[in-house]
Amino acid sequence: MTQPESAFLSVTYVSTSAAPLTQTALEAILRQSRDNNERSGLTGMLAVRGDDFFQVVEGPPPAVRHVLQRLREDTRHSELRVLVEEEIDYRRFPDWTMRCENLDDYPADSIPGYRASHEDESDARRHRILDLVRWFQHRATRALAERGRSATSPS
């Protein structure tokens, strides 16, 4: 039996690279993640600031739980902490097997909901995190629209 399209799980987590994160290492992570996610029916986004990761993974609950377990065992990063785990009715990043944003180019206070540390366990923290996810979602939608326009623009 297949799972209805309206039953998705979204997990937002943070972690830290075990070694200094180079552009080459990041590109390798993205290639592998995109290939694995496409096979597993997962979508999402990854944000990087220095050696810190902020990621949203979404899709069928068994696939999300499986990838989360693999991530916990992955020695390329440490201190994995799930910030938000929730059922969602639609994918926030349906067109991205793994969108990536480099946050080093933005001042932290210019990104809604961003905090260098997500230590508090309050309801306000959850809202900040979801504000940040929506900010990334908006940027992903805009990037997709721009990509579509440039593909149809005359050369």
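Look a little higher up for the structure.
Keep in mind it's a predicted model, so treat the numbers as computed, not measured. What you see as residue numbers is a count from 1 along each chain, following the sequence as written. Given that the model is predicted, a residue must reach a pLDDT of at least 70 before its local features are reported, and side-chain atom pairs must reach 80 or more before they are shown or counted; all residues, however, enter totals for whole chains, interfaces and linings. Side-chain metrics in this entry use all non-hydrogen atoms of the structure; hydrogen atoms and water are not considered.

Can you break down the overall build of the protein chain residue by residue, with the values?
Along the protein chain, the regular secondary structure elements total three helices and five strands. Listing every helix and strand of the protein chain by position from the N terminus yields β-α-β-β-α-β-β-α. For every accessible area listed, the method is Shrake-Rupley and the probe measures 1.4 Å; residues are considered covered only by the protein chains on display. Total accessible area on the protein chain is roughly 8,900 Å²; 50% of this is exposed by carbon and sulfur atoms. Per the convention used, a helix needs a DSSP run of H or I reaching at least four residues, while a strand needs a run of E reaching at least two, with both numbered from the N terminus.

Residues and numbers for the environment of Leu21, please.
Its place among the elements puts Leu21 in the loop between strand S1 (8-17) and helix H1 (23-40). Per-residue accessibility, obtained with a 1.4 Å probe over protein chains only, is compared with the maximum for each type, and a residue is labelled buried under 20%, exposed over 50%, and partly exposed between these values. For Leu21, a relative accessible area of 19% translates into the label buried. When the C-alpha atoms of Leu21 and Gly50 are compared, they prove to be 7.2 Å apart, with 29 residues separating the residues in sequence. Those residues within four positions of Leu21 in sequence are excluded, and the remaining contacts are Leu26, Ile29, Val48, Gly50, Asp51 and Phe53. Contacts: residue pairs with any heavy atoms within 4.5 Å of one another.

So, H1: which residues are in play, and what are the values?
Between its first and last C-alpha atoms H1 spans 25 Å; for 18 residues at 1.5 Å apiece the expected length is 26 Å, and the two agree. All of the buried residues along H1 are Leu26, Ile29, Leu30, Ser33, Asn36 and Asn37. For H1, the arc enclosing every buried residue in end-on projection is 145 degrees, short of the 170-degree limit, so these residues lie on one face. Exposed positions of H1 whose direction lies more than 90 degrees from the buried face are Thr24, Arg31, Glu38 and Arg39. On its buried face, H1 is in contact with strand S2 (43-49), strand S3 (52-59), helix H2 (61-73) and strand S5 (99-102). Downstream of H1 by a residue or two, Gly41 has a phi angle that is positive, lying close to 75 degrees. By definition here, a helix of n residues has an expected span of 1.5 Å times n minus one. Taking the helix axis as origin, the arc is that swept by the directions to the C-beta atoms.

Can you lay out the nonpolar core for me, pointing to particular residues and giving the numbers?
Definition used in this section: a nonpolar core is a set of buried Ala, Val, Leu, Ile, Met, Phe, Trp, Tyr and Cys residues joined via side-chain atoms within 4.5 Å. If you look at the biggest cluster of nonpolar residues, it comprises 19 residues, and the most contacted ones within it are Met45, Phe54, Phe93 and Phe136. Counting residues per element, the ones that place at least two in this core are S2, S3, strand S4 (77-88) and helix H3 (123-152). For this core, the element with the highest residue contribution is H3, accounting for eight residues. Listed in part, the eleven residues of the second largest apolar core include Val11, Tyr13, Leu71 and Leu80.

Account for the packing of aromatic side chains, with residues named and values stated.
Note on aromatic contacts: the rings of Phe and Tyr and the six-membered ring of Trp form a pair at centre separations within 6.5 Å, being stacked when their planes are under 30 degrees apart, edge-to-face when over 60 apart, and tilted otherwise. One pass over the structure, following the stated rule, counts three aromatic pairs. The interplanar angle of 35 degrees and the centroid separation of 5.9 Å between the aromatic rings of Phe54 and Phe136 together place this pair among those described as tilted. With Phe54 in strand S3 and Phe136 in helix H3, this residue pair connects regions lying 82 residues apart in the sequence. Per residue, the accessibility class of Phe54 equals that of Phe136, and both read buried. On the basis of relative accessible area, Phe136 is assigned to the buried category, the value being 1%.

So what's going on with the side chain of Arg91? Which residues, and what values?
Counting through the fold element by element, Arg91 comes out in the loop between S4 and S5. Residue classification places Arg91 among the buried residues on the basis of a relative accessible area of 17%. As used in this structure description, the phrase polar contact means that two N or O atoms lie within 3.5 Å; if the pair is within protein, one of them must be able to donate a hydrogen and the other to accept it, and residues adjacent in sequence are counted only when both atoms belong to side chains. Among the polar contacts made by the side chain of Arg91, one reaches the side chain of Thr43 at a distance of 3.1 Å.

Could you give me a rundown of the sheet that holds S5, with the residues and numbers involved?
Between any two strands, at least two bridges found by DSSP are needed for them to pair. Spatially, five strands are ordered S4-S1-S3-S2-S5 in an open sheet, and the strand pairing comes out mixed. Strand pairing shows two members of the sheet lacking a second neighbour, S4 and S5, which therefore form its edges. Geometrically, the sheet is characterised by an average inter-axis angle of 15 degrees between neighbouring strands, direction not taken into account. As defined by bridge partners, S2 adjoins S3 across seven bridges and the pair is classed as antiparallel. In the sheet register, Gly44 faces S3, and the bridge partner there is Val57. Across the sheet, H1 touches S2, S3 and S5, and the angle it forms with S5 is around 160 degrees. Convention adopted: a line fitted to C-alpha atoms gives each axis, helices being fitted over their contacting stretch, and angles between N-to-C directions are expressed from 0 to 180 degrees.

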